[in-house]
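Here's the letter readout for the chains.
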Amino acid sequence: MPFAMAFQPIVDAETGTPFAYEALIRGTDGAGAASVLSRVTEANRYSFDQACRVKAIESALAAGLMDGDARLSINFLPNAVYSPLACIQLTLRTARAVGLPIDRLIFEFTENEQMGSPEHVASIIDTYKQIGFSVAIDDFGAGHSGLDMFARFVPDEIKLDMELVRGIDRDPRRRAIVRAVVSMCRELDTLVIAEGIETAGEAAALRDLGVRYHQGFWYARPALNCLPPLRAESLR
């Protein structure tokens, strides 16, 4: 199944530099992720998940990831991992082959109907953290990806769903919710990332609420096979 990787920065709003780049699946012609994911089946899920990890690492290194200090964030499919330790071996070999330190890898997951048992997911998270990876819950605040997951698992990071971010500068209810999440994460030593930021107002409101790490079109759109520069407007 041919596919490519696009990259979008996660920005440290305090320093104005990339904290990480998220690897995003695309068609080889730049088509959206749906065109690729629609071909994932029960039969090819494991091989696809493994191929995505390798492609993300190799493409990021080819694009110049090691020229700076930014990390690489990779989405993974929990239900494609039959054994956390066995299934991570190809990722470890790939990282070693290209000289990417293990502590510069972040693995993101979100809850869906195919996640499988919570005990299995907790085992994956524990194994990855023991190896030295960071683990993030994506789409926090959307659907089932909320407090129940946060109570059940021990992530290093959470990524606020864009529905909480959208128009937050004009919505006191969203600000109250995010303020409470930031306070909770500070107490639990969990890093907060806001995704889907599209305006200067949203970025400013999130900074005021104590959200240091930002991602979205306001900073840069995903770019195929390269690490996009940050928009000059976002750094003012």
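Basis of the calculations
- Residues numbered from 1 in each chain as written.
- Predicted model: local features only at pLDDT ≥ 70, side-chain atom pairs only at ≥ 80, totals over all residues.
- Heavy atoms only, no water.
- Helix = DSSP H or I, 4+ residues; strand = E, 2+ residues; numbered from the N terminus.
- Buried < 20%, exposed > 50% of the residue type's maximum accessible area, 1.4 Å probe, protein only.
- pLDDT = per-residue confidence, 0-100.
- Core = buried A, V, L, I, M, F, W, Y, C linked by side-chain atoms within 4.5 Å.
- Expected span 1.5 Å × (residues − 1).
- Arc of directions from axis to C-beta.
- Contact = heavy atoms within 4.5 Å.
- Polar contact = N/O pair within 3.5 Å; in protein donor to acceptor, adjacent residues only side chain to side chain.

Chemist: What should I look at first to understand unusual backbone geometry in this one?
Modeler: Residues apart from glycine generally show negative phi values, whereas peptide bonds are mostly found in trans. The phi torsion at Asp-139 lies on the positive side, around 55°, for a residue other than glycine. As for its position among the elements, Asp-139 is in strand S5 (residues 134-140). The exposure class of Asp-139 is partly exposed, given its relative accessible area of 24%. Residue Asn-225 is not a glycine yet carries a positive backbone phi of 60°. Mapped onto the secondary structure, Asn-225 falls in the segment after strand S9 (223-224).

Chemist: Would you mind going over the confidence of the model for the protein with me for this structure?
Modeler: When pLDDT is low, close inspection of the predicted coordinates is not appropriate. Scored by pLDDT, the protein has a mean of 91; 96% of the residues are at 70 or more. Across the protein, the secondary-structure element scoring lowest on mean pLDDT is helix H6 (residues 147-152), at 78, and the one scoring highest is strand S8 (residues 213-214), at 98.

Chemist: I would appreciate a short explanation of the nonpolar core in the present structure.
Modeler: General note: in soluble globular proteins, nonpolar side chains tend to be found buried as a group. Formed by 61 residues in total, the largest nonpolar core has its most connected members in Leu-72 and Leu-160. Tallying contributions element by element places helix H2 (residues 45-62) first for this core, with six residues. Residues Ile-10, Ala-20, Ala-136 and Tyr-213 belong to the second largest nonpolar core, which totals seven residues.

Chemist: Please explain helix H8 (residues 172-187) as it appears in this structure.
Modeler: Since the α-helix turns once every 3.6 residues, residues separated by three or four places project in the same direction. The end-to-end C-alpha distance of H8 is 23 Å, a good match for the 22 Å that 16 residues give at a rise of 1.5 Å each. Here H8 has its buried residues at Val-178, Val-181, Val-182 and Cys-185. On an axial view of H8, the arc spanned by its buried residues comes to 100°, and they lie on one face. Opposite the buried face of H8, by more than 90 degrees, sit the exposed residues Pro-172, Arg-173 and Glu-187. As for H8, its buried residues are in contact with S5, H6, strand S6 (157-160), helix H7 (162-165), strand S7 (191-194) and helix H9 (200-208). Backbone nitrogen of Arg-173 and a side-chain oxygen of the N-cap are separated by 2.9 Å at the start of H8; the cap is Asp-171. Downstream of H8 by a residue or two, Asp-189 has a phi angle that is positive, lying close to 55°.

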